[in-house]
Amino acid sequence: VIEAGLDIGDRHSKTSVIGKNDKGETAIISSYTGRPLVSYNVKAYVPLNFSTGGLNSGVIPQIRLNGTNDSFEGRPVLSLLASVRGYITTKTPAAGIYPRFGIGAEAGFYTRPGLTGYFCPNIYGQAYAYLPGIGKAHGIRLSATVERHLASGNYVDATASVMPRGFSTAAGQAVIGYPVRSKLSFDYALPFAYLDWSGMCPAFYLKNFELFIHGDLFNASGARTVEDGNLYSVGADFKVRLANFLFVPYDTRIGISYNYNGGSLYGRTVEKAPATGHHSVSLVFSIDL
């Protein structure tokens, strides 16, 4: 399967160099060119399917190239990700969210071609498992993710999703420089109240409600100048599951997410993103395509 995308005009393109900021510190200095930004991506993957005997299984190697007409030190800004994912699961119960049993893993390599002297290449790995919960339709998902920088360049990109839920992207910049970052996650899915209510048709069809109880533990290590540390979040998501929402022929989930945030590195994230608080509330909206 080959997919490609092109986007023009979100903003003006930028040219960036390494220089001194107003405080005399070494930093990335950027200026706009006046030309529209052109972003493109190409992804190719092979969905190898080995499902048989009631088991869903497969292996998916993938390569993805992203690029823009921005420049950094006179060079084009590109990123390349190569990964492979494998899985084997039982079928998901008709009233459930997760497969009753299953395991899976993914590993990948990320780099910025032509800019490895400035940006560290990364490797990452993730493993996950599905287990049955207390109720027949309940399910548990356990996962472990680790990301490691392969060099000691001044700048890094986050490849894997290792920040605990409830922390903002800006807060994540406070701990992105640690060479090794990892996350353990627990999710308990609890669907309930199968109403199958059509009183709001044709706007939407109400199927049921869902409660997700979850927790994340993040660990950062390997930095020379600062101590190792951790972050955590515990919380829950409450969602309404709809069908044919505004005539979209897929299941749609709308809800709210709450997380309590903490950890030994919590103060560092607040310095980077002052809006970060112990309590985080956000809206949830997703469509199952």
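The structure under discussion appears in the preceding block.
Residues numbered from 1 in each chain as written. Predicted model: local features only at pLDDT ≥ 70, side-chain atom pairs only at ≥ 80, totals over all residues. Heavy atoms only, no water.

### What about the packing of aromatic side chains?
Here the distance between the centres and the angle between the planes together describe a pair of aromatic rings. Worth spelling out the cut-off: For Phe, Tyr and Trp, rings pair up if their centres lie within 6.5 Å, where Trp contributes its six-membered ring, and each pair is then called stacked (planes under 30 degrees apart), edge-to-face (over 60) or tilted (otherwise). The helix count covers DSSP runs of H or I at least four residues long, the strand count covers runs of E at least two residues long, and both are numbered beginning at the N terminus. Exposed residues in this analysis have more than 50% of their type's maximum accessible area, buried residues have under 20%, and partly exposed residues fall in between, with area computed by a 1.4 Å probe over protein chains only. Each ring is checked for a lysine NZ or an arginine CZ that lies within 6 Å of its centre and within 35 degrees of its normal; such an atom marks a charge sitting over the ring.
One pass over the structure, following the stated rule, counts 12 aromatic pairs. Ring geometry for phenylalanine 72 against phenylalanine 119: centres 5.3 Å apart, planes inclined by 65°, an arrangement best described as edge-to-face. Pair noted here: phenylalanine 72 is in strand β4 (residues 55–72) and phenylalanine 119 is in the loop between β6 (102–111) and β7 (122–132), with a separation of 47 residues, a long-range link. For the residue pair phenylalanine 72 and phenylalanine 119, the accessibility class agrees, reading buried in each case. Every member of this aromatic cluster is reached through a ring pair, and the members are Phe72, Tyr118, Phe119 and Tyr155. When the ring centre of phenylalanine 119 is taken as origin, the NZ or CZ atom of arginine 112, which lies over that ring, is 4.5 Å away. Directly above the ring of tyrosine 128 sits arginine 141, whose terminal nitrogen or CZ lies 4.8 Å from the centroid.

### Some words on the pattern of salt bridges
As a reminder of what qualifies: We define a salt bridge as a side-chain nitrogen of Lys or Arg found within 4 Å of a carboxyl oxygen belonging to Asp or Glu.
Throughout the structure, instances matching the rule amount to 10 salt bridges. One salt bridge in this structure joins arginine 165 and aspartate 187, with 2.7 Å as the shortest N-O distance. Here arginine 165 is found in the loop between β8 (139–149) and α1 (169–172), whereas its partner aspartate 187 is found in strand β9 (residues 180–192), with 22 residues between them in sequence. Residue class for arginine 165 comes out partly exposed when judged on its relative accessible area of 28%. Here aspartate 288 and arginine 253 are joined by a salt bridge, their closest N and O atoms 2.5 Å apart. Linking aspartate 288 in the segment after β13 (279–287) with arginine 253 in strand β12 (residues 252–262), this pair joins segments that are 35 residues apart in sequence. On the basis of relative accessibility, which here comes to 9%, the residue arginine 253 falls in the buried class. A network of salt bridges, in which partner residues are shared, links Arg165, Asp187 and Asp216.

### Side note on the nonpolar core
Which entries qualify depends on this criterion: To form a nonpolar core, buried Ala, Val, Leu, Ile, Met, Phe, Trp, Tyr and Cys residues must be joined to one another through side-chain atoms within 4.5 Å. By definition in these notes, contact holds between two residues if any of their heavy atoms fall within 4.5 Å.
In this structure, Phe167, Val175, Phe218, Leu231 and Leu265 are the most contacted members of the largest nonpolar core, which totals 16 residues. Apart from the residues lying within four places of it in its own chain, the contact partners of phenylalanine 218 are Val162, Pro164, Val175, Arg181, Ser182, Lys183, Gly229, Asn230, Leu231 and Leu265.

### A look at the environment of threonine 15
Which entries qualify depends on this criterion: N or O atoms closer than or at 3.5 Å make up a polar contact, with two conditions inside protein: a donor-capable atom paired with an acceptor-capable one, and, for residues adjacent in sequence, both atoms drawn from side chains.
Relative to the helices and strands, threonine 15 resides in strand β1 (residues 2–20). As for threonine 15 and serine 31, which are separated by 16 residues in sequence, their C-alpha atoms are 5.6 Å apart. Leave out the neighbours within four places in its chain, and threonine 15 touches Ile29, Ser30, Ser31, Thr33 and Ser71. One polar contact links threonine 15 to serine 71, side chain to side chain, over a distance of 3.1 Å.

### Side note on the side chain of threonine 252
Along the chain, the position of threonine 252 falls in strand β12. A residue is classified by how much of its surface remains accessible, and threonine 252, at 0% relative accessible area, is buried. Residues in contact with threonine 252, not counting those within four places in the same chain, are Val240, Arg241, Leu242, Phe245, Phe285, Ser286 and Ile287.

### Section: a nonpolar patch on the surface
Our working rule: Residues enter a patch when their relative accessible area is above 30% and they make no salt bridge; the linking distance is 9 Å between like charges and 5 Å between nonpolar side chains (Val, Leu, Ile, Met, Phe, Trp, Tyr). Per-residue and other accessible areas follow the Shrake-Rupley method at a 1.4 Å probe size, with only the shown protein chains counted as cover for residues.
Residues Ile2, Leu6, Ile8, Tyr40, Val42 and Leu65 make up a contiguous nonpolar surface patch of roughly 590 Å² in combined accessible area. Of all the secondary-structure elements, those providing two or more residues to the nonpolar patch are β1 and β2 (26–45). Top element by residues in the nonpolar patch is β1. It accounts for 3 residues. One can find isoleucine 8 in strand β1.

### With respect to the pairing of β4
Keep this limit in mind: Only strands joined by at least two bridges in the DSSP assignment are considered to pair.
One ladder, built from 2 bridges, connects β1 with β4; its direction is parallel. When the bridges of β4 are listed, serine 16 appears paired with phenylalanine 72. In the sheet, β2 pairs with β4 via 7 bridges, with the strands oriented antiparallel. Within β4, the residue paired with tyrosine 45 across the bridge is glutamine 62. Relative to β4, strand β3 (residues 48–49) runs antiparallel, the two sharing 2 bridges. When the sheet's bridge partners are listed, asparagine 49 is paired in β4 with glycine 58. Here β3 hands over to β4 after 5 residues, with glycine 53 in that stretch at a positive phi of 60°. The sheet contact formed by β4 and strand β5 (residues 75–90) spans 15 bridges and is antiparallel. Residue pairing in the sheet places proline 61 in a bridge with valine 84 of β5.

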